[in-house]
Amino acid sequence: MTEVLNSFFSIALELTILFIGVSFLIHLLQGFIPYEKMEEFMNKSHPLVSAMIAVGFAFVTPFCSCSTIPIVVNLLRNRVRFSMVMIFLFASPVLDITILTLMMAILGFKVTLTYTIVTVVFSVFIGFSLQALGFESQLKNVMVENFSYPQSEHKINVKAALKETWTLMRTVYPFLILGAGIGSVIHGAVPSEWIAAHLGGEHWWLIPIAAVIGVPLYIRLSTMIPISQILITKGMALGPVMALMIASAGASLPEVALLHTIFKKKLVTAFVGSVLMMSTVSGFLFYFI
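The structure presented is a predicted model; accordingly, all values stated were derived computationally and were not measured. Each chain has its residues counted from 1, running along the sequence as written. Note on the predicted model: pLDDT of at least 70 is required for a residue's local features to be given, and 80 or more for side-chain atom pairs to be given and counted; whole-chain, interface and lining totals, by contrast, use all residues. Side-chain numbers here rest on the full set of heavy atoms in the structure, without hydrogens or water.

Trainee: Just give me the short version of the overall build of the protein, but keep the residues and values in it.
Mentor: Numbering of helices and strands runs from the N terminus; a helix is a DSSP stretch of H or I covering at least four residues, while a strand is a stretch of E covering at least two. If you tally the helices and strands in the protein, you get 15 helices and zero strands. Exposure classes here rest on a 1.4 Å probe applied to the protein chains alone. A residue is buried below 20% of its type maximum, exposed above 50%, and partly exposed in between. For the protein, with 289 residues in total, the buried portion stands at 51%. Considering only intrachain contacts with a sequence separation of at least 6, the fraction spanning at least 24 residues in the protein is 87%. Summed over all atoms, the accessible surface of the protein reaches about 13300 Å², with 70% contributed by carbon and sulfur. Contacts: residue pairs with any heavy atoms within 4.5 Å of one another. Note on areas: these come from Shrake-Rupley sampling with a 1.4 Å probe, and a residue is covered only by the protein chains present in the view.

Structure representation (structure tokens):
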């Protein structure tokens, strides 16, 4: 029990300091991000340039998969190109500067860089593929009301940054602590030999299973990162861990339910299938790290 508590407080303290510090810094700079301009560039620039802007847009909108939906609807309402909207939809939940900073601190620079490159490439590939396959016809005519981006004030607003950081603390931080708690229990209660024997090594079939399990679990990245650290330390292979992480962040049952309100059935099915493909192939790629 002492080992579990020591592990929990150690992980929780490290993650708390990083989470608060990076969150505050990101929100401090929000006033300099021209959201409306980025939306305009996504619609008018060369497709590859627009794709990079869509990815950048995903980086600066630190939301979970469900809270991404209102922005998706707003982009569709403003007639932003379908492929760009899809790139944003796939990239936003899995690319978050705060979470990537935590990932780098916990899992290392190499894993974080590989994760970022893989998720960016797949998001762009899927976005263009859905456009080329004609899935734009599977959109429903849905409008979003009372939506607005944060105002670009071009100045540092400490009070607003503190307020936004506190809001993020209330919504995301509990999941971070939950992950630290689960990770600590795994650290203290589950033998390393068992994890290494059953979840480590070259068990390739663990990757698709982890991807399939990840979607209905709806585990936020903030929860998965401390759990992943413990699992990898205990001997679990990196591939299944990353497949579970990407699948759980990229899609979830609540998000799929929300997507049913703006997408027709074929596009919802394509979305879930794309997330499973992205997480499964990514998992296999991590075997080469």
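Trainee: Kindly report on the side chain of Ser279, identifying the contributing residues and their values.
Mentor: With respect to the helices and strands, Ser279 occurs in helix H15 (residues 265-285). Note on Ser279: relative accessible area 0%, which makes it buried.

Trainee: Go over the packing of aromatic side chains with me, naming the residues and quoting the values.
Mentor: Centres within 6.5 Å are what make two rings of Phe, Tyr or Trp a pair, Trp counting through its six-membered ring; a difference in plane orientation under 30 degrees is then read as stacked, over 60 as edge-to-face, and the rest as tilted. Per the stated rule, a full pass over the model turns up two aromatic pairs. With a centroid separation of 5.1 Å and an interplanar angle of 45°, the aromatic rings of Phe57 and Phe88 are classed as tilted. Residue Phe57 is located in helix H3 (residues 47-59), and its partner Phe88 is located in helix H5 (residues 82-91); the two are separated by 31 residues in the primary sequence. Owing to a relative accessible area of 0%, Phe88 belongs among the buried residues under this scheme. When the ring of Phe90 is compared with that of Phe271, the centres are 5.1 Å apart and the planes differ by 40°; the resulting orientation is tilted. Here Phe90, found in helix H5, pairs with Phe271, found in helix H15; they are 181 residues apart in sequence, far enough to count as distant. By relative accessible area, Phe271 is classed as buried at 1%.

Trainee: Quick one: what's the story with helix H12 (residues 221-234), residue by residue and with numbers?
Mentor: What a helix is expected to span follows from its residue count: subtract one and scale by 1.5 Å. Taking 1.5 Å of rise per residue, the 14 residues of H12 would be expected to cover 20 Å, and the 19 Å separating its terminal C-alpha atoms lies within 8% of that figure. H12 sits mainly inside the fold: 11 of its 14 residues count as buried. Residues of H12 that are buried: Leu221, Ser222, Thr223, Met224, Ile225, Pro226, Ile227, Ser228, Ile230, Leu231 and Lys234. Positive phi appears at Gly235, one or two residues downstream of H12, with a value of about 120°.

Trainee: Describe the nonpolar core, and please don't skip the residues or the numbers.
Mentor: We call a set of buried Ala, Val, Leu, Ile, Met, Phe, Trp, Tyr and Cys residues a nonpolar core when their side-chain atoms join them within 4.5 Å. Membership of the largest hydrophobic core comes to 72 residues, with the highest contact counts inside it found for Tyr115, Leu130 and Met245. Tyr115 has contacts with Val94, Leu100, Met103, Leu221, Met242, Met245, Ile246 and Phe286, leaving out every residue within four places of it along the chain.

Trainee: Now, about the environment of Leu244: what can you tell me, with residues and values included?
Mentor: Turning to its location among the elements, Leu244 is positioned in helix H13 (residues 238-250). Separated by 16 residues in sequence, Leu244 and Ser228 have C-alpha atoms that sit 9.4 Å apart.

Trainee: Give me the lowdown on the environment of Phe122, citing residues and values where you can.
Mentor: By the secondary structure assignment, Phe122 is in helix H7 (residues 109-132). Here the alpha-carbon distance between Phe122 and Ser282, two residues 160 residues apart in the chain, equals 8.8 Å. In this structure, Phe122 is in contact with Met277, Met278, Val281, Ser282 and Leu285, ignoring residues within four places of it in sequence.

Everything listed here is a matter of coordinates, which is why it stays silent on function.
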